[in-house]
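Notes for the structure review
Take a look at the letters that make up each chain.
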Amino acid sequence: MAKVMVNQEIAKIFREIGKILEMKEVAFKPQAYYRAALAIESLQEDLLDLWTRGGKKALKEIPGIGQNLAEKIEEFLLTGKIKEHQLLKKSLPVDVVGLTQIEGVGPKLVKRLYKELGIRTLQDLEQAAKKHLIQKLEGFGPKKEQNILEGIEFLKKSKGRVLLGEILPTVQNIKSKLEKLKEVQAIEVVGSFRRKKETVGDVDILVVSSNPDKVMDFFCNMPGVVKVWGRGPTKASVHLKEGFDMDLRVVERESYGAALQYFTGSKEHNIAVRKIAISKGFKLNEYGLFKGKERIAGLTEQEIYQALGMQVPPPEIREDQGEIELALKGSLPKLIEIGDIKGDLHVHSNWDGGEHSIEELAQKAQDLGYEYLGISDHTKFLKIEKGLDEKQLTAQSEEIKKLNLKFKSRNLKFRILHGCEANILKTGAVDISDEALAKLDYVIAGVHSHMNLTEKEMTDRIIRAMKNPNVDIISHPTGRLLQRRDPYQLDFEKILKVARDTGTILEINSSPQRLDLPDRFIKLAKAMGVKMIINTDTHQLHHFSYMELGVAQARRGWAEKKKTLLIPSHF
DNA sequence: GCCGTTTTCGGCCCGACTGTTTTCAGTCG
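As the structure is a computational prediction, the values presented were derived from the model and not from experiment.

1. Notes on the protein's contact with DNA strand B
In the vicinity of DNA strand B there are 40 residues, among which G66, G106, L109, G141 and G230 approach most closely. Counting only elements with at least two residues in the surface near DNA strand B, the list comes to α2 (29–41), α4 (67–79), α7 (107–117), α9 (142–158), β4 (202–209), β5 (225–231), α14 (267–279) and β8 (283–285). Per-class residue counts for the surface near DNA strand B are 12 nonpolar, 16 polar and 12 charged.

2. Focus on the sheet that holds strand β13 (residues 415–423)
Spatial ordering of the open sheet is given by β11-β12-β13-β14-β15-β16-β17, a layout of 7 strands whose pairing is parallel. Each of the sheet's edge strands pairs with one partner strand only, and the pair in question is β11 (343–347) and β17 (532–535). With 3 bridges joining them, β11 and strand β12 (residues 372–378) adopt parallel strand pairing. Residue pairing for β12: V347 is matched across the bridge by I375. Each of β11, β16 (505–509) and β17 touches helix α23 (residues 547–556); the most contacted strand, β17, lies at about 150° to it.

3. Re the nonpolar core
Residues V207, A445 and M532 are the most contacted members of the largest nonpolar core, which totals 97 residues. A per-element tally of this core places helix α13 (residues 256–264) first, with 6 residues. With near-sequence residues (within four places) excluded, M532 lies in contact with I505, L506, I508, I522, A525, A559, T564, L565 and L566.

4. Topic: unusual backbone geometry
Backbone torsion omega between G265 and S266 reads 0°, so that peptide bond is classified as cis. In this model, D516 is joined to L517 through a cis peptide bond whose omega is 25°. If you trace the backbone, L517 turns up in the loop between β16 and α22 (519–528). Its identity is not glycine, yet H476 carries a phi of approximately 20°, on the positive side. In this structure, H476 sits in the loop between β15 (473–474) and α21 (492–502). A count of 26 C-beta atoms within 10 Å places H476 in the buried class. For D537, which is not glycine, the phi torsion reads 60° and is therefore positive.

5. As for the environment of I473
Structurally, I473 is set in strand β15. Sequence separation between I473 and I505 is 32 residues, and the spatial gap between their C-alpha atoms is 4.6 Å. With sequence-adjacent residues up to four places away left out, I473 is seen in contact with Y442, I444, I505, E507 and I533.

6. Describing the packing of helix α3 (residues 47–60) against α4
Interhelical geometry of α3 versus α4 gives an angle of 155° and a closest axis separation of 10 Å. Regarding the angle of α3 to α4, the classification is roughly antiparallel. Seen from above, α3 lies across α4 with left-handed handedness. Across the interface between the two elements, L47, L48, W51, K56, L59 and K60 of α3 pack against Q67, A70, E71, I73, E74 and L77 of α4. Its residues placed into classes, the contact of α3 with α4 shows 7 nonpolar, 1 polar and 4 charged.

7. Things to note about α13
By the criterion of burial, α13 is predominantly enclosed, with 9 of the 9 residues buried. Within the span of α13, buried status applies to Y256, G257, A258, A259, L260, Q261, Y262, F263 and T264. Downstream of α13 by one or two residues, G265 has phi in the positive range, about 70°.

8. A closer look at the environment of A559
With respect to the element layout, A559 can be found in the loop between α23 and α24 (561–564). Given 24 C-beta atoms within a 10 Å radius, A559 is considered buried. A559 sits 27 residues away from M532 along the chain, and the two C-alpha atoms are 8.9 Å apart.

9. Notes on the packing of α21 against α22
Following both chains from N to C, one finds α21 and α22 inclined at 40°, their axes separated by 10 Å at the closest point. Comparing the axis directions of α21 and α22 gives the class oblique. At the point where α21 passes α22, the crossing takes the right-handed sense. Packed against α21, whose contacting residues are F492, L496 and R500, the element α22 presents F521, L524, A525 and M528 at the interface. Split into classes, the residues belonging to the contact of α21 with α22 amount to 6 nonpolar, no polar and 1 charged.

10. Regarding the pairing of strand β7 (residues 245–251)
Pairing between β4 and β7: 7 bridges, direction parallel. If you follow I205 over to β7, its bridge partner there is L248. The hairpin turn running from strand β6 (residues 235–240) into β7, its antiparallel successor, is 4 residues long, and G243 in that turn takes a positive phi close to 100°.

11. Considerations on the sheet that holds strand β10 (residues 294–297)
Ordered in space as β8-β9-β10, the 3 strands form an open sheet in which the pairing is antiparallel. At either end of the open sheet lies a strand with only one pairing partner, and these are β8 and β10. Between one strand axis and the next, the sheet turns by 35° as a mean value, whatever way the strands run. Note: β8 against strand β9 (residues 288–291), 3 bridges, orientation antiparallel. In the sheet register, L284 faces β9, and the bridge partner there is L289.

12. Side note on the pairing of β11
Of all 5 residues that make up β11, 5 are buried, and the element is covered over most of its length. Crossover connection from β11 via helix α17 (residues 358–367) to parallel β12: handedness right-handed.

Definitions and limits used
- Residues numbered from 1 in each chain as written.
- Chains lettered and ligands numbered in written order.
- Predicted model: local features only at pLDDT ≥ 70, side-chain atom pairs only at ≥ 80, totals over all residues.
- Near = placed C-beta within 6 Å.
- Helix = DSSP H or I, 4+ residues; strand = E, 2+ residues; numbered from the N terminus.
- Nonpolar A, V, L, I, M, F, W, Y, C, P; charged D, E, K, R; others polar.
- Pairing = 2+ DSSP bridges.
- Contact = placed C-beta atoms within 7 Å.
- Axes fitted to C-alpha atoms, helices over the stretch in contact; angles between N-to-C directions.
- Core = buried A, V, L, I, M, F, W, Y, C linked by C-beta atoms within 7 Å.
- Buried ≥ 20, exposed ≤ 12 C-beta atoms within 10 Å, placed from the backbone.
- Parallel < 35°, antiparallel > 145°, perpendicular 65-115°, else oblique.
- Left-handed = near helix turned anticlockwise from the far one by under 90°.
- Right-handed = clockwise from strand over helix to strand, strands pointing away.

Structure below.
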């Protein structure tokens, strides 16, 4: 992980340079810097490695990096800084990245605030706004000042993004309410929500309506709306009590597909698609695909991509990370779907202090149409979770046997598998005897302690666990907790190589706070032929529904049912 | 600053909304 940090640092600097250049009203360069920052962030390889291997020439192979930026990267790798960046910062010593996080504040505004009021930081701005200094500036007014204050509050409270899993129920609820209005002919949630990113900035809803005004009224007055940011004839924007923003857009029927395509994004995907449109003599916007003034597609997404000679990429992979080229060739992968899932192997019962009996969990699994359920309670090291020892595992095994006999006598095509989630101790040993593990149907092992080891220690620790012949699956492999904890320091490529060689399966943990593996690691694992499995880590019955998030996560990592994922069935 | 089956120069995605104006710049997605 430490390795990738260099890439993030350089990306951050490029982004800041872009912002400062925007403040200076330099044309086009900012976009070039932003594009380079994005490319560097999504790079699989460490820039230092790349440069060591191939020098500036290799750096220039990265799309968006030319002579000039390659030199700047080289300068950073050699000296730890970029001179031009420091000069720019000196000329405008302002926290432009922080300030522009506020809704409605961009680089131009930051520049004026600095020149006229000496504002450099978020704190400066908050104080100035509270003293009503902002509204006295020419071209500003009380509303702008109020919006800035509210924007700062929101920023403090939410840190910008919310977890997909946390807002999912609210969004689905609002969607179904809107759907029921007779004025609504079509509706879809778009943006990063439709692409199923693990965190979402704000939620965009798209609607076709016979009476936009009525729908806007309903939307802006829904219970749960605490602030209306703005409302026009085709767009309204509100802040919800759950702590995130929601935008509603109304479009004409004949533009619905174009709007779907446009507002689903990502921005990078759209830019690439629009360039294809231009190269074929079309113009693409949110209203349709046009040849001159004639609209030749727009009713459906399918129609638009088809007119461009492309397959429709699933929303989850619209990131301009290779899907464009494959869609043009007609060879997009067939991604895993929720219907492919036959069971769940990471589920905790009341044996380790969870909420539900094995029988209750089995019933729920059958209701979901699963063919199997794996019980994987914690083992003894995790005393706080009432981890099971060898003796308790044997007793649990008896109970599971009884239940399975019952299912068999009823001719059910369903079976409980007996596993556990053992702890990988600091040394890499697991906390329960090999004899006990060998008796189980399968074994998950995971790190639940000593998370701050060095990269080498942590990598060696997990590798040792993977080499244990009883260990089948590694749970939540990077250990990240979204918005709370960074991944462990890990040499992940090394982990992947050992996983491939030992046949160890890596878990895609569906828990909303984890979604671990991250998408780019899923893609990497797929490329290396490492097996993965999607589990929910269920502790309560409703957690089973997290499978939807796990599948979405897998799809964003391009996982296919065949080749990449382990989907056991018919035991 | 990048990039090239129109180009090594001259383009670079494009439209809506807000706040303040009274025709528009800035911001956003």
